[in-house]
Number of protein chains: 2
Amino acid sequence: MNMNFNLSEMEGENKAEELSNEEIYDVLILGAGPAGMTAAVYCMRKGVNTGLLTDNVGGQVAKTSSVENYMGYRYIEGSDLVQKFQDQVKQFPIGYKEGARAIEIQQGNIKKVITGDGNVYQGKSLVLATGKSPRWLNVPGEDKYMGRGIAVCAICDAPLYKDKDVIVVGGGNSGAEATIDLAKVANHITIIQDKDRLTADRILLDKLNQFDNFDTLLEHKVTRIFGTENLEGVEVKNIKTGEKNKLDVQGVFVEIGWVPNSEFIKDTLSLNRWNEINIDCACRTSEQGIFAAGDVSSVPYKQIIAAAGDGAKAALSACEYVMKK
Amino acid sequence: MNMNFNLSEMEGENKAEELSNEEIYDVLILGAGPAGMTAAVYCMRKGVNTGLLTDNVGGQVAKTSSVENYMGYRYIEGSDLVQKFQDQVKQFPIGYKEGARAIEIQQGNIKKVITGDGNVYQGKSLVLATGKSPRWLNVPGEDKYMGRGIAVCAICDAPLYKDKDVIVVGGGNSGAEATIDLAKVANHITIIQDKDRLTADRILLDKLNQFDNFDTLLEHKVTRIFGTENLEGVEVKNIKTGEKNKLDVQGVFVEIGWVPNSEFIKDTLSLNRWNEINIDCACRTSEQGIFAAGDVSSVPYKQIIAAAGDGAKAALSACEYVMKK
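Rules of the game
- Residues numbered from 1 in each chain as written.
- Chains lettered and ligands numbered in written order.
- Predicted model: local features only at pLDDT ≥ 70, side-chain atom pairs only at ≥ 80, totals over all residues.
- Heavy atoms only, no water.
- Pairing = 2+ DSSP bridges.
- Helix = DSSP H or I, 4+ residues; strand = E, 2+ residues; numbered from the N terminus.
- Contact = heavy atoms within 4.5 Å.
- Axes fitted to C-alpha atoms, helices over the stretch in contact; angles between N-to-C directions.
- Least-squares fit on C-alpha atoms with pLDDT ≥ 70 in both.
- Domains from an automatic or database assignment.
- Buried area = accessible area lost by both parts, 1.4 Å probe.
- Disulfide = S-S within 2.5 Å.
- Buried < 20%, exposed > 50% of the residue type's maximum accessible area, 1.4 Å probe, protein only.
- Phe/Tyr/Trp six-rings, centres within 6.5 Å; stacked < 30°, edge-to-face > 60°.
- Lys NZ or Arg CZ within 6 Å of the ring centre and 35° of its normal.
- Salt bridge = Lys/Arg side-chain N within 4 Å of Asp/Glu carboxyl O.
- Polar contact = N/O pair within 3.5 Å; in protein donor to acceptor, adjacent residues only side chain to side chain.
- Core = buried A, V, L, I, M, F, W, Y, C linked by side-chain atoms within 4.5 Å.
- Expected span 1.5 Å × (residues − 1).

A. A look at the sheet that holds strand β11 (residues 150–151) of chain B. All names here are of chain B. Taken together, the five strands give an open sheet; going across it, the order is β11-β18-β12-β13-β14, and neighbouring strands pair in parallel fashion. Two strands close off the open sheet at either side, each with one partner strand: β11 and β14 (214–218). As judged from the five bridges shared by strand β12 (residues 165–169) and strand β13 (residues 188–193), these two strands associate in the parallel manner. Each residue of the ladder has a partner; that of Val-169, found in β13, is Ile-192. Contacts between helix α5 (residues 173–183) and the sheet are confined to β12, β13, β14 and β18 (251–254), with β12 contributing the most and set at about 165° to the helix.

In structure tokens form, the structure reads like this:
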């Protein structure tokens with residue numbers, strides 16, 4: 001029915017161009033998770049001159065094994081979904097740069113974005129979709145064994161812990177998913193949870209309970225990580241009694257949540273108490289011409305489909321702002 | 001990596017059950033467009049008892065030919081995307097009923113939904129995702145030739161107008177898409193637009209301009225539809241000069257926008273000036289336990305991905321409400 005119009009179905013075309021530090025983009029998007037990439041597609045379809053600057057592609061989705069709640073796919077690997085999003089972005093001649101992070105924004109009629117590698121990029125409007133980064137435990141030993149026994153990406157690192165004993169800190173959805181990934185390869189997993197129950201979705205808990213090589217330590221937290229050359233164990237503390245115990249483990253997976261990447265904008269925009277960028281339902285921030293979407297924003301639910309949906313809204317708000325100027 | 005967990009990938013399983021008028025559902029969802037179906041998947045994954053009541057499946061997407069701005073698919077037919085959404089919903093034992101429309105809501109601790117066919121369904125919370133219906137011209141002759149020369153779904157009805165002359169009323173995205181669908185089969189199309197330019201996205205206008213069998217009548221509106229047995233023409237009026245003219249055509253495609261399906265709830269909920277249900281960024285309405293998402297809601301941009309994203313938010317808000325009760 002649409003045989004004349006399948007230009008966008010051609011495989012492998014990559015029309016993206018190098019992001020220019022001379023051009024003034026109509027919309028400059030920061031971040032290439034679901035929100036940023038959706039914003040990019042919407043802006044390009046609107047025919048406005050668009051730039052995309054990001055330190056990584058896919059955000060948290062790239063670190064997710066199985067995605068079963070993105071509509072359109074009953075099941076898809078996170079990395080596959082990211083690839084599909086990215087293909088959709090790069091079918092357009094968008095200004096594109098990977099591997100750089102904004103460290104400062106200068107507000108004004110033209111907004112300037114200063115990156116860690118010393119470049120300056122310019123946009124008449126900005127869409128901030130910089131997502132979140134993992135929250136750390138902040139306990140003694142964490143720095144020493146980071147990347148050498150301490151991990152945040154079970155899907156990436158689980159194979160390194162084949163037949164070993166590990167802990168997963170955190171009993172929400174991320175903790176349950178990490179435990180499921182680990183249970184297939186590790187010898188034994190202990191989930192450390194500070195609350196009195198696991199808070200993951202029922203469907204994840206049901207999956208988790210198909211395994212018998214894990215147990216759960218409720219109302220405990222990790223107070224120290226120790227070892228010699230390699231990580232050898234953790235000290236845990238019962239929150240109610242204060243009693244401390246040691247667990248001999250070779251791996252620690254930290255799944256206790258995420259911190260918004262809003263540091264670079266904190267002097268310019270209104271943030272909420274969790275340092276998320278306050279937005280209204282049209283993804284407008286407290287400043288003219290600056291829009292935000294996805295996990296860095298104040299929307300209460302952090303989901304791939306919600307981030308993508310808000311990315312579309314932020315893009316359309318930005319396009320409208322630019323058209324009216 | 002997830003070979004043990006592909007239950008949901010099995011083809012063809014349909015676990016949906018008949019919606020019960022005895023059960024009190026935790027969440028009762030009205031509408032099965034992108035917002036309603038996403039809400040259903042999110043509720044079922046949360047493990048709450050969920051019902052879905054709808055008069056049609058897919059909403060406007062079912063009437064859309066090519067979808068190129070839904071992330072995850074560079075190109076997909078609207079009907080295919082609807083099928084994928086529906087498969088995701090029916091993998092769960094959800095209470096499901098098609099072909100009935102809510103005509104009244106009774107608010108209370110338990111919310112009652114009365115349908116046109118005389119049934120009453122009950123939910124502790126509601127997610128309203130009833131979408132919009134086409135706006136009509138309200139001119140003489142419209143009723144007479146409805147479905148006999150007047151259409152709202154180019155993708156459905158274009159083949160009936162092979163080699164004929166037709167008009168498309170409306171020059172926004174819907175009008176441009178309808179014209180593209182018609183241009184492949186009809187002899188000639190005239191777009192009637194009341195504004196001084198077509199307001200469709202650039203990418204659609206570029207596609208449209210690949211055809212030479214259409215023209216555009218700006219700043220005109222349709223004032224009458226005439227014919228004998230069959231529709232034979234329309235009277236159009238120049239908005240600026242008042243001058244009237246006749247066009248001999250055999251088909252009229254009405255693409256002038258949509259009216260929210262909020263009539264049944266207008267005495268219960270706060271609506272905006274366009275009769276859309278006012279929601280906040282967590283999809284809460286003016287009443288406790290009633291949530292809304294998608295095109296029937298007050299979000300400014302009507303897009304598949306935005307409706308789906310808000311469907312997820314509405315579902316999570318409803319689940320949270322039910323859990324806290």
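B. Examining the relation of the copies chain B and chain A more closely. Here chain B sits on chain A after a turn of 180° about the axis and a move of 0.0 Å along it, with an RMSD of 0.1 Å. Considering both components of the superposition, the chain copies are consistent with a two-fold axis. Counting the interface residues of chain B, we find that 100% of their copies in chain A are interface residues as well, pointing to one common contact surface.

C. Summary view of the domain arrangement of chain A. Residue and element names in this part refer to chain A. Along its sequence, chain A is carved into domain 1 (7–134 + 258–324) and domain 2 (150–254). A C-alpha centroid distance of 33 Å is found between domain 1 and domain 2. Facing six residues of domain 1, the contacting portion of domain 2 comprises six residues. Summed over both partners, the interface of domain 1 with domain 2 comes to about 510 Å²; 55% of that surface belongs to carbon and sulfur atoms.

D. Region of the structure containing the state of the cysteines. Evaluation of the coordinates by the stated rule reveals zero disulfides over all chains. Free of any disulfide, A:Cys283 has its nearest cysteine sulfur in B:Cys281, 7.8 Å distant. For A:Cys283, a relative accessible area of 1% translates into the label buried. Note on B:Cys43: no disulfide assigned, nearest cysteine sulfur contributed by B:Cys319 at a separation of 4.0 Å.

E. The arrangement of the packing of aromatic side chains in detail. Evaluated as defined, the whole model comprises eight aromatic pairs over all chains. For the pair B:Tyr161 and B:Phe253, a centre-to-centre distance of 5.3 Å together with 80° between the ring planes defines the contact as edge-to-face. Taken together, the positions of B:Tyr161 in the loop between α4 (154–157) and β12 and B:Phe253 in strand β18 put the pair 92 residues apart, joining distant regions of the chain. Grouping aromatic residues by their ring pairs yields a cluster made of A:Tyr70, A:Phe85, B:Tyr70 and B:Phe85. Taking the ring centre of A:Phe226 as reference, the NZ or CZ of A:Lys246 above it sits at 5.1 Å.

F. Quick peek at unusual backbone geometry. The backbone phi angle of A:Cys283 is positive, close to 65°, even though this residue is not glycine. Tracing the sequence through the fold places A:Cys283 in the loop between β19 (258–260) and β20 (290–292).

G. Region of interest: the interface of chain B and chain A. Across the contact, 60 residues belong to chain B and 62 residues belong to chain A. Approximately 5800 Å² of surface area, both sides summed, lies buried where chain B meets chain A, with 56% of it carried by carbon and sulfur atoms. Three residues, B:Arg45, B:Met71 and B:Arg74, lead the burial of chain B against chain A; their summed loss comes to 17% of the area buried on that side. One can count eight salt bridges joining chain B with chain A. A salt bridge links B:Arg74 to A:Glu13, with the shortest nitrogen-to-oxygen separation between them at 2.8 Å. For the interface between chain B and chain A, the tally reads 26 residue pairs in polar contact (both at pLDDT 80 or more). Looking at the side of chain B that touches chain A, the elements with two or more residues in it are α1 (34–46), α2 (78–90), α5, α6 (202–208) and α7 (304–324) of chain B. Considering each element in turn, the side of chain B that touches chain A owes the most residues, 10 residues, to α7(B).

H. Quick look at the nonpolar core. Counting 155 residues, the largest nonpolar core has A:Tyr70, A:Leu128, B:Tyr70 and B:Leu128 as the members making the most contacts within it. With 22 residues, the next largest nonpolar core counts B:Ala151, B:Leu182, B:Ile189 and B:Leu205 among its residues.

I. Molecular detail of helix α7 (residues 304–324) of chain A. The end-to-end C-alpha separation of α7(A) is 30 Å, in line with the 30 Å expected for 21 residues at 1.5 Å each. Most of α7(A) is tucked away: 18 of the 21 residues are buried.

J. Local environment of the sheet that holds strand β18 (residues 251–254) of chain A. Residues and elements named next belong to chain A. Read across the open sheet, the five strands follow the order β11-β18-β12-β13-β14; overall the sheet is parallel. Since the sheet does not close on itself, it has two edges, and those belong to β11 (150–151) and β14 (214–218), each with one partner. Inspection of the sheet shows strand β13 (residues 188–193) paired to β14 by five bridges, in the parallel sense. Following the sheet pairing, Ile-189 is matched in β14 by Phe-214. Against the sheet, helix α5 (residues 173–183) touches β12 (165–169), β13, β14 and β18, its axis set at about 165° to β12.

K. Structural context of α1(B). Residue and element names in this part refer to chain B. The end-to-end C-alpha separation of α1 is 18 Å, in line with the 18 Å expected for 13 residues at 1.5 Å each. With 12 of its 13 residues buried, α1 lies for the most part within the structure. Looking only at α1, the buried set comprises Pro-34, Ala-35, Gly-36, Met-37, Thr-38, Ala-39, Ala-40, Val-41, Tyr-42, Cys-43, Met-44 and Arg-45. Gly-47 sits one or two residues past α1 and shows a positive phi near 80°.

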